Amino acid sequence: MPESSPAAALAAIAHRIERARDASARVAPVRLLAVGKTQAADALAAVAGAGQRAFGENYVQEAAGKIEALDALGLEWHLIGHLQSNKAKQAAALFDWVQTVDRRKLVDVLDAHRPDARGPLNVLVQVNIDDETSKHGCAPSEVAGLVEAIRAAPRLRLRGLMAIPAPHAEPARRRDAFARMRRLFDTVAGVDPGIDTLSMGMSDDLELAIAEGATMVRVGSALFGARARR
Ligand SMILES: *Cc1c(COP(=O)(O)O)cnc(C)c1O
């Protein structure tokens, strides 16, 4: 259950993150991404008022309304949902980060349509680390090719990798997926030492993700409360 006020909920999550970092003895900072899907702009504004700057959205259309409504707050917006090619042009202009780049076509469309005035678009390669046929993300074997394409795209800036591992009930199996992501991340860092973001871990398992080196955790329900089913 989330705490009663946004400030208390944020503090509780910050505490979980710090404890996990201390336990792991990792030095990289861990950023919190507030996941606002299905939440109204007012709810996001309340969390922003408590100090949160970075927000994640799953749907381009839903995000567009909130980004416009909250424009004056100067927040940082991340797309974390699957991106259809026909929405990529709009996404390139709206978001500060796109975490779900999983195919060459998206690299090309995002690069072609990123407005110069907005500076480079930060991107993560989404990896289907558990090889689930129902999920989006590229295969681990496709990461190197996408990394190369992104590095060659002038309006994109590669920041790292993102994953949504299968929700195994067994913590050891989730942790194993996070560890495989960490190894992929280290391999990419060998090619591009500038990358700084490994986005993995959610409300239920952020401690396991941080133990394996996550530098960004994406938290929805622990911050906003349970979502109504769509
Ligand atoms: C909904 C969502 C989250 C947050 O999940 P919670 O369990 O509510 O913390 C994180 N990442 C992605 C990609 C999501 O769709």
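Treat the numbers as computed from the prediction; the structure is a model and nothing was measured. Counting from 1, residues in each chain are numbered in the order their sequence is written. Only residues with pLDDT of 70 or above have their local features reported here, since the model is predicted, and side-chain atom pairs are shown and tallied only from 80 upward, although totals for entire chains, interfaces and linings are computed over all residues. Hydrogen atoms and water are omitted, and side-chain values are computed over all heavy atoms in the structure.

### Some details on helix H2 (residues 41–49)
Buried residues are those whose accessible area, probed at 1.4 Å on protein chains only, stays under 20% of the maximum for their type, while exposed residues exceed 50% and partly exposed ones sit between those limits. The way it works is that DSSP assigns letters per residue, a run of H or I at least four long becomes a helix, a run of E at least two long becomes a strand, and they are numbered from the N terminus. Within H2 the residues assigned to the buried category are Ala 41, Leu 44, Val 47 and Ala 48. The buried side chains of H2 occupy one side of the element, clustering within an arc of 120° when seen end-on. Relative to its buried face, H2 has exposed residues pointing more than 90 degrees away, namely Asp 42 and Gly 49. In what follows, a contact means two residues having at least one pair of non-hydrogen atoms within 4.5 Å. Where H2 is buried, its residues meet helix H1 (6–24), strand E2 (54–57), helix H3 (60–69), strand E3 (76–79) and helix H9 (221–224). Phi turns positive, to about 115°, at Gly 51, one or two residues after H2. The arc refers to the directions leading from the helix axis to the C-beta atoms.

### Regarding the environment of Val 125
Positionally, Val 125 belongs in strand E5 (residues 121–127). The spatial distance from the C-alpha of Val 125 to the C-alpha of Phe 55 is 18 Å, given a sequence separation of 70 residues. Not counting the four nearest positions on each side in its chain, Val 125 is found in contact with Gln 99, Val 101, Cys 138, Val 143, Leu 146, Val 147, Ile 150, Leu 158, Gly 160, Leu 161 and Met 162.

### Re the nonpolar core
A general feature of soluble globular proteins is that nonpolar side chains tend to end up buried together. In this structure, Phe 95, Val 125 and Leu 161 are the most contacted members of the largest nonpolar core, which totals 66 residues. Excluding its chain neighbours within four sequence positions, the residues that come into contact with Leu 161 are Leu 124, Val 125, Val 127, Val 143, Met 181, Leu 184, Phe 185, Val 188, Thr 197, Leu 198 and Ser 199. In this description, a nonpolar core means a group of buried Ala, Val, Leu, Ile, Met, Phe, Trp, Tyr and Cys residues linked to one another through side-chain atoms lying within 4.5 Å. Of all hydrophobic cores here, the second largest spans eight residues; its members include Leu 33, Val 35, Ala 54 and Trp 97.

### Regarding the pairing of strand E4 (residues 97–101)
For E4, the buried fraction is high: five of the five residues fall into the buried class. We call two strands paired when DSSP finds no fewer than two bridges between them. Both E3 and E4 contribute to a ladder of two bridges, which runs parallel. Bridging across to E4, Leu 79 finds its partner in Val 98. By convention, orient the strands away from the viewer: a clockwise path from the first strand over the helix to the second makes the crossover right-handed. You can see the chain leave E3, run along helix H4 (residues 88–94) and come back into E4, and the turn it takes is right-handed. Across three bridges, the pairing between E4 and E5 is parallel. Bridging from a neighbouring strand, Val 98 pairs with Val 123 of E5. As for the winding sense of the linkage, the β-α-β connection from E4 through helix H5 (residues 104–113) to E5 is right-handed.

### Here we look at the pattern of salt bridges
Think of a salt bridge as a Lys or Arg side-chain nitrogen and an Asp or Glu carboxyl oxygen that are within 4 Å of each other. Here the structure, examined in full by the defined rule, presents 16 salt bridges. Between Arg 180 and Asp 130 there is a salt bridge, with the nearest N and O atoms lying 3.1 Å from each other. With Arg 180 in helix H7 (residues 171–191) and Asp 130 in the loop between E5 and helix H6 (143–151), the pair connects residues that are 50 residues apart, well separated along the chain. Among the ionic pairs, Asp 196 bridges to Arg 159, the shortest N-O distance being 2.8 Å. Placement of Asp 196 in the loop between H7 and strand E7 (197–199) and of Arg 159 in strand E6 (residues 156–163) is noted, with a sequence separation of 37 residues between them. Given a relative accessible area of 35%, Asp 196 falls into the partly exposed group. A relative accessible area of 12% places Arg 159 in the buried class. Each of Glu 57, Glu 62 and Lys 66 takes part in salt bridges that share partners, so that together they form one network.

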